[in-house]
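As a plain string of letters, each chain reads:
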Amino acid sequence: MNSSTKYDPKSSKAEEFINHQEILETLDYAEKNRENFELIDAIIEKARKKKGISHREASVLLACQDEERNEQIFKLAREIKREFYGSRIVMFAPLYLSNYCVNGCLYCPYHLKNKHIPRKKLTQEEIRREVTALQDMGHKRLALETGEDPANNPIEYVLESIKTIYSIKHKNGAIRRVNVNIAATTEENYRKLKEAGIGTYILFQETYHRESYERLHPTGPKHNYCYHTEAMDRAMTAGIDDVGIGVLFGLELYKYEFAGLLMHAEHLEARFGVGPHTSVPRVKKADDIDPDEFDNGIDDDTFAKIVALIRVAVPYTGMIISTRESAKCRERLLNLGISQISGGSRTSVGGYAEEEPEDESSAQFDVSDSRTLDQVVRWLMELGYIPSFCTACYREGRTGDRFMSLLKSGQIGNCCHPNALMTLKEYLEDYASEETRKLGDQLIEKEILNVPSERVREILRKNLKAIAEGRRDFRF
Ligand code: SF4
Ligand code: SF4
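Overview of the structure. Keep in mind that this is a model prediction, so the values were computed, not measured.

Rules used throughout
- Residues numbered from 1 in each chain as written.
- Chains lettered and ligands numbered in written order.
- Predicted model: local features only at pLDDT ≥ 70, side-chain atom pairs only at ≥ 80, totals over all residues.
- Heavy atoms only, no water.
- Axes fitted to C-alpha atoms, helices over the stretch in contact; angles between N-to-C directions.
- Helix = DSSP H or I, 4+ residues; strand = E, 2+ residues; numbered from the N terminus.
- Parallel < 35°, antiparallel > 145°, perpendicular 65-115°, else oblique.
- Left-handed = near helix turned anticlockwise from the far one by under 90°.
- Contact = heavy atoms within 4.5 Å.
- Phe/Tyr/Trp six-rings, centres within 6.5 Å; stacked < 30°, edge-to-face > 60°.
- Buried < 20%, exposed > 50% of the residue type's maximum accessible area, 1.4 Å probe, protein only.
- Lys NZ or Arg CZ within 6 Å of the ring centre and 35° of its normal.
- Polar contact = N/O pair within 3.5 Å; in protein donor to acceptor, adjacent residues only side chain to side chain.

**Digging into the packing of helix 18 (residues 416–430) against helix 20 (residues 454–468)**
- Where helix 18 contacts helix 20, the two axes come as close as 10 Å, and the packing angle between them is 15°. When the axes of helix 18 and helix 20 are compared, the pair comes out roughly parallel. Considering the relative orientation of helix 18 and helix 20, their crossing is right-handed. Only Val456, Leu460, Asn463, Leu464, Ile467 and Ala468 of helix 20 make contact with helix 18, whose side of the interface consists of Pro418, Leu421, Met422, Lys425, Glu426 and Glu429.

**Describing the packing of aromatic side chains**
- Counted under the stated rule, the structure contains 7 aromatic pairs.
- Ring centres of Phe84 and Tyr316 lie 4.7 Å apart, and the angle between their planes is 20°; this geometry places the pair in the stacked category. With Phe84 in helix 5 (residues 67–85) and Tyr316 in the loop between helix 13 (300–313) and strand 7 (319–321), the pair connects residues that are 232 residues apart, well separated along the chain. Like Tyr316, Phe84 is buried.
- Between Phe249 and Phe303, the aromatic rings sit 6.5 Å apart at their centres with planes inclined by 70°, giving edge-to-face as the arrangement. In this pair, Phe249 sits in the loop between strand 5 (243–246) and helix 12 (254–272) while Phe303 sits in helix 13, placing the two residues 54 residues apart along the sequence.
- An aromatic cluster is present here, built from Phe389, Tyr427 and Tyr431 joined pairwise through their rings.
- Arg282 extends its terminal NZ or CZ atom over the ring of Phe303, reaching a point 4.1 Å from the ring centre.

**Some words on the environment of Ser161**
- Inspection of the secondary structure assignment puts Ser161 in helix 7 (residues 155–167).
- A residue is classified by how much of its surface remains accessible, and Ser161, at 0% relative accessible area, is buried.
- Separated by 17 residues in the primary sequence, Ser161 and Leu144 have C-alpha atoms spaced 9.3 Å apart.
- Those residues within four positions of Ser161 in sequence are excluded, and the remaining contacts are Leu97, Gln124 and Ile127.
- In terms of polar contacts, Ser161 uses its side chain to reach the backbone carbonyl oxygen of Tyr157, at 2.7 Å.

Written as structure tokens, this is what we have:
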């Protein structure tokens, strides 16, 4: 990279909005100030306003080793999480369409050269079976996953699959929101995805460090760092105003990735006025992949601090964690900032309709949390959370900045909260075990009282009764 490239969060060029020099200076600044308690206290004070802090400020807090101040950061993250997201946790499931891939990513078993795994691409009929199985579990929100392969998984295949998924109505089931995680593509293809009615477009950066990026992606179209890093700009220009970014922690130094991730969020906010959702995966074991090969693994405490600081730095961001992480780890992270989790996930192609083989050699990564959706729902409720299957914003056209304005208007108590309770009630009626249902009904009774508006409370009670009598699909 040209060392004279300047940092510009509003630029459309990857090298300028994720500027290597700026990250290095940020890390240096953070290191020098890690014991500057006056500065650290001032940043924490600013963060208490709950309007976010910059990547530089957040990096100083990340470098801070003072126990008492770190405790303040965790406490603040919990407060922000409560204020913006309440106790709701949105549920989703990944759906793997195809593991054909022409890329050579060193950390993923689907890389082109891995000859141990069977390659599979779901037919539309097989997708129907998968989605029926997911609906029978109670899922309403999916994240489509597919490798990059223009011959086997062209955009037409993805579009057809989305159409198939939205068309399946099985018993009381329906997939109401399809998020899509496919390789970086053209503006024209993003426009097609938008027209197909996708929810969020998700693309992980994997690593923001260009040299490492190119080394970890030695072959295939994904090798092109700039094309990949500028993908969200093309998606947003094409009208997709709901995007999700993330890094794969463990590939590069976490401090570098953390600054890069926040700079990416700042860039999208500066250029398009809409912040992204964020995901926080860590490298995991899989066929042909040993996470120890990457020597930048992070321990659970550092991981927790990263989650807390993303919540503090970007208070409104939806934050997602997958079944890569164990139940214990997910429990710890939930109240620090996570707003969305997957449950009952299968990470192989066709894994819902058919049992995954014991060794899971065809899975993209080992699932640490292998509980069923019913168990995850019950577990969340036992911890005091409200599992939510809400997709109302997407269906009301409240995405991007309109979704943000809902969050910022303070109306979530009269909107997200009752929606969460109604969708939970649907889940309890249609899919839950006896034990889960009992617990859920008690929780709903208690939580109705937390809806601020009396009028909304009244409508909510009426709708809950209607759901118990068999009617479906209410929303605020
Ligand atoms: Fe292919 Fe994605 Fe795996 Fe890379 S991470 S090998 S692009 S499926
Ligand atoms: Fe999310 Fe909108 Fe539902 Fe609230 S109402 S939980 S923001 S989809």
